[in-house]
Amino acid sequence: MTDPQLLADLMARGLIAQQTDADALVEHLASGARTVYCGFDPTAGSLHIGHLVPLLMLRRFQLAGHTPVALVGGATGLIGDPSFKASERTLNDEATVLGWVAALGAQIRALLPATAGLAEPQMVNNADWMGGMSALAFLRDIGKHFSVNTMMARESVRQRLARPDQGISFTEFSYSLLQSYDFAVLNQRLGCSVQIGGNDQWGNITSGIDLTRRLHGVRVHGMTLPLITKADGTKFGKTEGGAVWLDPELTSPYAFYQFWLGTADADVYRFLRYYTFLPLAEIAALEEADRARAGRPHAQRVLAEQMTALVHGEAALLQAQALSELLFSGEVAALDEAQLQQLARGGLPVTQWEQEGDRVELLVASGLAGSKRIARELLAAGAIAINGAAVQEAELVGSDWRFGRFLLLRRGKKQYHLVIRRG
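What you see is a predicted model; the values in this text were computed from it and never measured.

Asker: Lay out the overall build of the protein in plain terms, naming residues and giving numbers.
Answerer: Helix and strand content of the protein: 19 helices and 13 strands. Counting only C-alpha atoms, the protein reaches 80 × 50 × 40 Å along its principal axes. For the protein, buried positions account for 48% of its 423 residues. Considering only contacts in the protein between residues 6 or more positions apart, those separated by 24 or more positions represent 73%. About 19900 Å² of surface is accessible on the protein, with carbon and sulfur atoms providing 52% of the total.

Following this line, the structure appears as structure tokens:
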């Protein structure tokens, strides 16, 4: 039994940017269980939070009674999607892409689990049907259905053509044909009738719809999700250190938790609708309660808890909260080696220390002091703590290094900096 209110809920959450014939799509989804797919190209060894909205959209379709299909592009990942990219992508070798396919597959399976009573999620790799196809067969059987005039009229292509210093290679120009062929193949093999993707994929999705009609005489549907931006108009999902990864070795659960805690008040309720499975009525009630309450809203904590538990699990959430409490209270002497290693993977500014020197030089190197003079003044005033204990002497001693290589500096009450000794 499918949920007839799925599209209404998605619309209310602001999760639909574009869709083919809205009435026909409503009828299509309401008249039976459908197979829905979204593609993820392996451009790195981990997904980041920019991939979460489409991945969680597949989960929403699954919860509504449909079958989700996650495609990891072992073939398209060798090419790279040019959509709205300012310059040509760097091509990665086949072995690297193969490793990334495996890594992304594991992450997707964790976030799109098999659940009793729900349709079994499907995982596919387009290298399985493209890997053995000859160039002649592709050009003859697929390429003949595409108009170069139409392809050149696309905004993403026109932007690149307008940059004579970049242009667009035939390799990237042909990417749309590959993604279109994916839809036609999945329709034939799995009965897939709906494709979802980011709103930069609209041209690729509509091309796939047209190709499926031409090859199989079948009507299929498409939907895109909005580009997630912050209230100030900037793109959401990056920090000063770069992307927020789902791999805990690249972005620690603590850093992941802190990222969501730092969501601006102007964005937090919208992101609760986008990223969590909380009912809309519950999010509205939280917003109303926060509006009536003095002080910082509770919504950021709810968002951080929901997302960290979803991506990393309840145990990692509890560890991130415990680590946050230790840093907030200043009781950092209790941090164990695993917690310090987690901080080294994000959440605090980090300095690699490879030289001999004293605490004055360490403060300058970390940026906690702008000069040696200021560093000495801070030490003399008792404003500097190492591993939670106030220090005033300039000499750097062996006991300053926790587990032989970590040193946690603090200026004042809250300004932390982690130093890692190499060698």
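Asker: An account of the pattern of salt bridges is needed here, citing residue identities and associated values.
Answerer: Tallied over the entire structure, the rule returns 14 salt bridges. In this structure, R291 and E288 form a salt bridge, with 2.6 Å as the shortest nitrogen-oxygen distance. Here the residue R291 and the residue E288 both occupy positions in helix α14 (residues 280-292), the gap between them amounting to 3 residues, near one helical turn. The class for R291 is exposed, based on a relative accessible area of 54%. E288 gets classed as partly exposed once you look at its relative accessible area, which sits at 46%. Residue E393 pairs with R359 through a salt bridge whose shortest N-O separation is 3.7 Å. With E393 in the loop between β11 (389-391) and β12 (406-411) and R359 in helix α18 (residues 359-366), this residue pair connects regions lying 34 residues apart in the sequence. In this structure, a network of salt bridges that share partners links the residues D210, R213 and R214.

Asker: Requested: an account of the sheet that holds strand β4 (residues 122-125), with residues and values cited.
Answerer: Judged by pairing direction, the sheet is mixed, and its 6 strands sit side by side in the order β1-β6-β5-β2-β3-β4 without closing on themselves. Looking at strand neighbours, the two that pair on one side only are β1 (18-19) and β4, the edges of this open sheet. Strand direction decides the pairing type here: strand β5 (residues 192-198) and strand β6 (residues 221-225), joined by 5 bridges, are parallel. In the strand pairing of β6, I196 is matched with M223. Sheet strands touched by helix α3 (residues 52-63): β2 (35-40), β3 (67-72), β5 and β6. Its angle to β2, the strand with the most contacts, is close to 165°. Running at roughly 145° to β5, helix α10 (residues 175-190) makes contact with β2, β3, β4, β5 and β6 of the sheet.

The rules behind the values
- Numbers given to residues run from 1 along each chain, matching the order in which its sequence is written.
- Totals for whole chains, interfaces and linings use all residues, but because this is a predicted model, local features are given only for residues with pLDDT of at least 70 and pairs of side-chain atoms are given and counted only at 80 or more.
- Hydrogens and water molecules were not included; the side-chain quantities draw on all heavy atoms of the structure.
- By definition, any uninterrupted DSSP run of H or I lasting at least four residues is a helix, any uninterrupted run of E lasting at least two residues is a strand, and each is numbered from the N terminus.
- Burial status follows relative accessibility: with a 1.4 Å probe on protein chains alone, a residue under 20% of its type maximum counts as buried, one over 50% as exposed, and anything between as partly exposed.
- The criterion used for residue contact is that any of the two residues' heavy atoms lie within 4.5 Å.
- Shrake-Rupley sampling with a 1.4 Å probe provides the accessible areas, and residues are treated as covered by the protein chains on show and by no other component.
- Each reported salt bridge corresponds to a side-chain nitrogen of Lys or Arg within 4 Å of a carboxyl oxygen of Asp or Glu.
- Paired strands, as defined in this entry, are two strands with at least two bridges between them according to DSSP.
- Between N-to-C directions, angles cover 0 to 180 degrees, with each direction set by a line fitted to C-alpha atoms, over the stretch in contact for helices.

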